[in-house]
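# Structure assessment
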Amino acid sequence: MVVRIRLARFGRKHAPFYNIVVAQARSARNSRPMEVLGTFNPLPQERVDGEGKPYKDVKLDSSRAKYWLGVGAQPSDPVWRLFSMVGIIEPKYSLDEARKNAIKADAALRDSELSSQEPTPSQS
Amino acid sequence: MPPRIRVSSVHPATPCTTPQARPPFQHRPSPSARPFSQTSCQSTRLRKDLHEWLNGPGAAFRDPLPGSTNYLGAYGKDGRLLRAKAPNKKPKESSDPEASDGLENAEEKGEAELAPPSLEDLSPFPLNRQFRSQSVLSEALREEIWRQVVHEGKSIRAVSSKMGVTLERVGAVVRLKTIEKQWAESYSKAVLAMLPQTPLKLQDQPLHESINDLPVHPATRKQLFYPTSESRRFTREDAGRAFDPDLLPADDLIPHPEMIQNVKERNLPKEQQIALKKMRAEAEIRAKEDKEAQRGKWEKENVKVVQVEGAKADFRFTAIKVEDAGKNGRDAKGTGWRYGVPFDDRKRGQLKVPNGGTAQESGQHARMPVQYGIRMGQSSHWNALEGVTAASSGARASA
């Protein structure tokens, strides 16, 4: 069975709070996991000094996270995103890469349009 | 079936029939409530005395003096206010414009010449003159305590010694004020108006209670004969040790040891006092800087803030250790929601009084149930630290 690193939702209605857990993939969401790697609070917290953006609080044991990834645990997408923020794994979807791909695709499209408009030398 | 009444037994012109309107407490024969009674109208002496008192001296209690208790002890036998007899030349206790609330103002206007109630007036039971009604904290004083702890970030110990209120009571005021803020202010109107209160004064705050009482250590409850040689100097510390090896001397046991220190210093020469003050201020600043440096170091190692492009919030990553949760994963030092432990925050009868952490914390996470059940790992300490330093830096900026 696959071991996954995923979020387990706790908290209350309209007040989610997640444990970042290592668990068997087919076990229930909130059952006792193999290990709790940390927590993720998706509700933005105001800064105490009142300056700057609010923050979302993440608590994480990165060395244990690396260990579990090393033995083949598969992170879920939200966990992947969190882990990639602190450089534990490569981001799955990079905004920069997506932009580059878009520019490349645009250029390719333009090229193909231009080539279709230009009369080919064999025809003339 | 009509009631069987013998006509001859009903007196046609007795005063026993109930008149529709009569003044309150008017002395009337007792059987008037039973118009068909066959016994003759009679009233006991006690009953007559009662009504005499209600209409005579007791009439003063019908309308209580505003801002004063309505105790029997404050009035004489003839129903006159005792303290009105000997007018006090001193101004009223509510002479501070800031300290007096609306109630006291009204009192000032109406009965400006009336002296404040003395201890004698605070005995509700005339036959037990030893019993004195203890005053409660006034609304203004409680508000000030809450403000100093929560907004100014002062320590509970400092506020306690300044206001003359015990440490436990200050803690309770802060906790209950947090809840009271969510309620209507009905309590102060309904209950406080009837009780003696400790007012808030800007200078020379009167003591609410004795704040430096020694807690009784269980080891000292029994008598002890401890033989010791006469040549030996047997101090209080030795006496404590004789009772229990862990028993501290009284100077260290009391809630406010710094007050003893203050009195000792007051007897020192002026130059020494100034030098001491300067030294203490420097030490305080150094301690604050040390604390800040330590926090900065810890933060550098353990906290990483990631800014995500286009997101409304940053992500703050704090390093924790999985091992802190212990072998069964339930240790209080661990992080995250605990497994296999009931979380009764929504259970009936669970009062949500924040009983841990600092006031800043409880205000900050008011919407989250986190503080009641989830372990916050190391960061809870960190948050508390952050709140305190932020408050203190604000105070410094304003100074």
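Analysis parameters
Residues numbered from 1 in each chain as written. Chains lettered and ligands numbered in written order. Predicted model: local features only at pLDDT ≥ 70, side-chain atom pairs only at ≥ 80, totals over all residues. Heavy atoms only, no water. UniProt positions renumbered as here; feature names shortened; annotations may be inferred. Helix = DSSP H or I, 4+ residues; strand = E, 2+ residues; numbered from the N terminus. Contact = heavy atoms within 4.5 Å. Areas by Shrake-Rupley, 256 points an atom, 1.4 Å probe, with all protein chains shown as cover. Salt bridge = Lys/Arg side-chain N within 4 Å of Asp/Glu carboxyl O. Buried < 20%, exposed > 50% of the residue type's maximum accessible area, 1.4 Å probe, protein only. Axes fitted to C-alpha atoms, helices over the stretch in contact; angles between N-to-C directions. Parallel < 35°, antiparallel > 145°, perpendicular 65-115°, else oblique. Left-handed = near helix turned anticlockwise from the far one by under 90°. Nonpolar A, V, L, I, M, F, W, Y, C, P; charged D, E, K, R; others polar. Buried area = accessible area lost by both parts, 1.4 Å probe. Polar contact = N/O pair within 3.5 Å; in protein donor to acceptor, adjacent residues only side chain to side chain. Core = buried A, V, L, I, M, F, W, Y, C linked by side-chain atoms within 4.5 Å.

As named in an unreviewed UniProt entry, chain B is Eukaryotic mitochondrial regulator protein-domain-containing protein, taken from Aulographum hederae CBS 113979.

Taking an unreviewed UniProt entry as the reference, chain A is identified by name as Ribosomal protein S16 belonging to Aulographum hederae CBS 113979. Its UniProt record, at the heading Sequence similarities (unreviewed entry), says of chain A: "Belongs to the bacterial ribosomal protein bS16 family."

A few words now on the overall build of chain A. A count of helices and strands for chain A gives three helices and five strands. Starting at the N terminus, the α and β elements of chain A follow one another as β-β-β-β-α-β-α-α. For chain A, long-range pairs separated by at least 24 residues make up 32% of all intrachain contacts whose partners lie at least 6 apart in sequence. Summing over all exposed atoms, chain A offers an accessible surface of approximately 7,700 Å²; the carbon and sulfur share of this is 52%.

Turning our attention to the pattern of salt bridges. Residue and element names in this part refer to chain B. This structure, assessed with the given rule, holds 22 salt bridges over all chains. A salt bridge links E152 to R147, with the shortest nitrogen-to-oxygen separation between them at 3.0 Å. For D238, the salt bridge goes to R232, with nearest N and O atoms at 3.6 Å. Overall, R232 belongs to the partly exposed group, its relative accessible area being 40%. Several salt bridges share partner residues, and in doing so they unite E139, R142, E143, K177, E180 and K181 into one network.

Let's shift gears to the packing of helix α4 (residues 139–150) of chain B against helix α5 (residues 156–163) of chain B. All names here are of chain B. Where α4 meets α5, the closest approach of the two axes is 10 Å, and the angle between their N-to-C directions is 150 degrees. Regarding the angle of α4 to α5, the classification is roughly antiparallel. Handedness of the α4/α5 crossing: right-handed. Residues L141, E144, I145, Q148 and V149 of α4 pack against V159, K162 and M163 of α5. Among the residues making up the contact of α4 with α5, the classes are represented as five nonpolar, one polar and two charged.

Facing the 40 residues of chain B at the interface are 38 residues of chain A. Interface of chain B and chain A: buried area, both sides summed, is about 3,300 Å²; carbon and sulfur atoms make up 59% of it. Our count for the chain B to chain A interface comes out at two salt bridges. A salt bridge links R99(A) to E309(B), with the nearest nitrogen and oxygen atoms 3.1 Å apart. Counting every contact that joins chain B to chain A gives 13 residue pairs in polar contact (both at pLDDT 80 or more). Elements with a minimum of two residues in the side of chain B that touches chain A: β3 (303–306), β4 (314–319), β5 (335–336) and α14 (379–398) of chain B. Here the element with the most residues in the side of chain B that touches chain A is β4(B); it accounts for six residues. When grouped by side-chain class, the residues that make up the side of chain B that touches chain A number 19 nonpolar, ten polar and eleven charged.

The biggest cluster of nonpolar side chains holds 23 residues, and the ones touching the most others in it are I5(A), I20(A), L37(A), F83(A), F315(B) and F317(B). Where this core is concerned, the elements lending two or more residues are β1 (3–12), β2 (15–24), β3 (35–45), β4 (55–60), α1 (62–70) and α2 (77–85) of chain A together with β4 of chain B. At four residues, the largest contribution of residues to this core is made by α2(A). By size, the runner-up hydrophobic cluster in this structure holds 13 residues, among which are L137(B), L141(B), V159(B) and V174(B).

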